[in-house]
Amino acid sequence: MRTLLIYPQFPPSFWSFENTLKLIHLKAQLPPLGMVTVAALLPQTWEFKLVDRNVREVTAAEWDWAELVIISAMIVQKEDFARQIQQAKIRGKLVAVGGPYATALPQEAQAAGADFLVLDEGEITLPLLVAALARGETQGIFRAHGEKPAVTETPIPRFDLLEMQAYAEMSVQFSRGCPFQCEFCDIIVLYGRKPRTKTPTQLLAELQYLYDLGWRKSIFVVDDNFIGNKRNVKLLLQALKPWLEERNYPFSFGTEASVNLAEDQELMDWMVACNFGTVFLGIETPDADSLERTRKFQNNRDPLRESVLTIARSGLRIMAGFIIGFDGEKPGAGQRIVDFVQDTAIPTAMLSMLQALPDTALWHRLQKEGRLLNGKGDIHQATLMNFVPTRPLAEVTQEFIDAFWNLYEPKAMLERTYRHYLILGAARRKSRRKRAKSPEKTPINWIYIRAFLLLCWRQGIRRSTRGQFWWYLGHLLWRYPHVVSSYLSVCAQAEHFLEYRQMVRAQIETQLAAVLAQEGALPVPVTAPSLSP
């Protein structure tokens, strides 16, 4: 079976980093790990080609070659997902779809024209697709019906199908599932509340494959909560450390974790020892009442501020997610988030209005209360809330726009990034001394030198940050030169956020005006600071 795997385009988003990637001539931040895992799960007698449309277009020759087209997507990719199904059907191809979007909203995937819906987790449902094709069937819906596969038998993903030079990072997965019960989260719906992990041997085999393919940069561990099973994570890290030492630390790592990581100093020390540099935390809000209402109890165990600082002082750079629009939320929530981010010096903070994701506990509760506005999957960071909030929508929206704008005000972001790296510099200096070997030396990369010069021009000369930029860079070079390259990479992220915040504001204002007009209210303009950076 000649199988063409297509990964749809992402619209501009918090995570797309278009302008940052342009600085270093890369096309996308992360590869489609799900697609290369699907390729590994299918019969290896089949032939495969993979096209990530965030990297390039599908060629006419690839369309002609294919007998079966497989497409997977997240909700945010829904528009291009539908386009690629249509393109395949125009050419008379069989189309199978899966992934989080199709699993959450199968009726939308079916309406787009897909022949086969391969839902839930592929270890269970892909063999059903293969059997149906062998029988000559041309349509079908395959579900796991609540069964969750062990991932200990999941094969090594087909990383060889990727155009690896196009990506900033590679990605691997160690676990699926999360033990917590946050009302708004769809991870526990998709993967369950019992974290299932691979064995250390499995993950080391995946890393070895990436190493053999020549990869020598960052790897993102895509687990939605890397520390969901702390025992197994520690076993992994204990096996990973000697593997890294033997190869002179060829990779750095990032991942996502719950805030209770701060409770386990041993685990944080192991992560730093294994070259984990970044962790994304789901903080959501500093308001304890909102955390309680949304059942994110783990964030109320200890003071959030101290938890964030504890993790940073252990040597892990923090990225964090925040949400505005929880039920019962008091006015000023947006500014409280901004104040918390500035106080804790979190460089990269993702802020969204709350969305009810399909099939979550929040979705079902709001549906019963008659507050869900639609059953569609057209929700992302630049769309209004898809339910009726307990505060006026215009009030929540105004706070979101103001907070998002202020979080990425250039001087504010640069200042908190600098303060964060003062903490990391001291922490990582201690960890570096414990290493038996130093990382591999790499040749001069002129693309990165060009990117550095562009950064100096934009942030050190053209913008109002010029004084800060040179003072902070000079001070870090003097005190903590070992974190300067990482510091500059975060400074480069500002190039994405400066443009993205303008796009978010414009789109949200337009949507709000339309809603107010439809309700018969006067569309009072939502004001914000000047667009000038």
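From a predicted model like this one, the values you see are computed outputs, not experimental measurements.

Colleague: How would you summarise the packing of aromatic side chains if you had to cite specific residues and measurements?
Modeller: The full count for this structure, using the stated rule, is 21 aromatic pairs. Consider the rings of F404 and Y500, whose centres lie 5.8 Å apart with planes at 70 degrees: the pair is edge-to-face. Of this pair, F404 sits in helix α16 (residues 393–407) while Y500 sits in helix α20 (residues 484–518), and the two are 96 residues apart along the sequence. Note on F404: relative accessible area 2%, which makes it buried. Ring pairing ties together the aromatic residues F174, Y211, F226, W243, F251, F253 and F276, which thus form one cluster. Taking the ring centre of Y408 as reference, the NZ or CZ of R416 above it sits at 5.6 Å.

Colleague: Outline the layout of surface pockets, supporting the account with residue identities and numerical values.
Modeller: For the second largest pocket, the calculated volume is near 380 Å³. At the level of elements, α16 and α20 are the ones that each hand at least two residues to the lining of the second largest pocket. For the lining of the second largest pocket, the element with the highest residue contribution is α20, accounting for five residues. Within the lining of the second largest pocket, the residues separate by chemical class into 12 nonpolar, five polar and two charged.

Colleague: Can you break down the pattern of salt bridges residue by residue, with the values?
Modeller: A full pass over the atoms with the stated rule returns 35 salt bridges. Close ionic contact of R83 with D80 constitutes a salt bridge, the shortest N to O distance being 3.1 Å. A residue pair is termed a helical-turn pair when its members lie 3 or 4 positions apart in one helix, as R83 and D80 do in helix α4 (residues 78–90) at three residues. Overall, R83 belongs to the partly exposed group, its relative accessible area being 39%. Each of E183, D327, R365, E369 and R371 takes part in a single network of salt bridges with overlapping partners.

Colleague: Can you break down a nonpolar patch on the surface residue by residue, with the values?
Modeller: Where nonpolar side chains cluster on the molecular surface, the patch consists of I444, W446, I449, F452 and L453 and spans about 540 Å² of accessible area. Take W446: it is sitting in helix α18 (residues 446–462).

Colleague: So, the nonpolar core: which residues are in play, and what are the values?
Modeller: One finds F226, L240, L261, F276, I283, F322 and Y487 to be the most contacted residues of the largest nonpolar core, which totals 141 residues. Considering each element in turn, this core owes the most residues, 13 residues, to α20. In contact with F226, other than residues within four places in its own chain, are F174, V221, V233, L236, L237, T255, E256, A257, M271 and F276.

About the thresholds
- Counting of residues starts from 1 at the beginning of each chain's written sequence and follows it residue by residue.
- A pLDDT threshold of at least 70 governs which residues receive local features in this predicted model, and a stricter bar of 80 or more applies before side-chain atom pairs are shown or counted, although totals over entire chains, interfaces and linings include all residues.
- Heavy atoms throughout the structure, all of them, feed into the side-chain values; hydrogens and water do not.
- The rule is short: rings of Phe, Tyr and Trp, with Trp giving its six-membered ring, pair when the centres are within 6.5 Å, and they are stacked under 30 degrees, edge-to-face over 60, tilted in between.
- Each helix is a run of DSSP H or I of at least 4 residues and each strand a run of E of at least 2, with the numbering of both proceeding from the N terminus.
- Buried means the residue's accessible area, taken with a 1.4 Å probe over protein chains only, is under 20% of the maximum for its type, while exposed means over 50%, and partly exposed covers the values in between.
- Note on criteria: charge over ring means Lys NZ or Arg CZ within 6 Å of the ring centre, with the direction from the centre no more than 35 degrees off the ring normal.
- Cavities and pockets were defined on a 1 Å grid built over protein atoms only: a cavity is a set of grid points that admits a 1.4 Å probe from which the probe cannot escape, a pocket is an open set flanked by protein on both sides within 12 Å along at least five of seven lines, and lining residues are those with an atom within 4 Å of any such point.
- Grid points are joined across faces, edges and corners, and a volume is the space filled by probe spheres set on the points.
- In this classification, the charged set is Asp, Glu, Lys and Arg, the nonpolar set is Ala, Val, Leu, Ile, Met, Phe, Trp, Tyr, Cys and Pro, and all remaining amino acids, among them Gly, are polar.
- Criterion for a salt bridge: a side-chain nitrogen of Lys or Arg within 4 Å of a carboxyl oxygen of Asp or Glu.
- Patch construction takes residues with relative accessible area above 30% that form no salt bridge. Like charges are linked within 9 Å, and nonpolar side chains (Val, Leu, Ile, Met, Phe, Trp, Tyr) are linked within 5 Å.
- For every accessible area listed, the method is Shrake-Rupley and the probe measures 1.4 Å; residues are considered covered only by the protein chains on display.
- For this analysis, a nonpolar core means a set of buried residues of the types Ala, Val, Leu, Ile, Met, Phe, Trp, Tyr and Cys, connected via side-chain atoms within 4.5 Å.
- A contact between two residues is defined here by any heavy atoms of the two lying within 4.5 Å.

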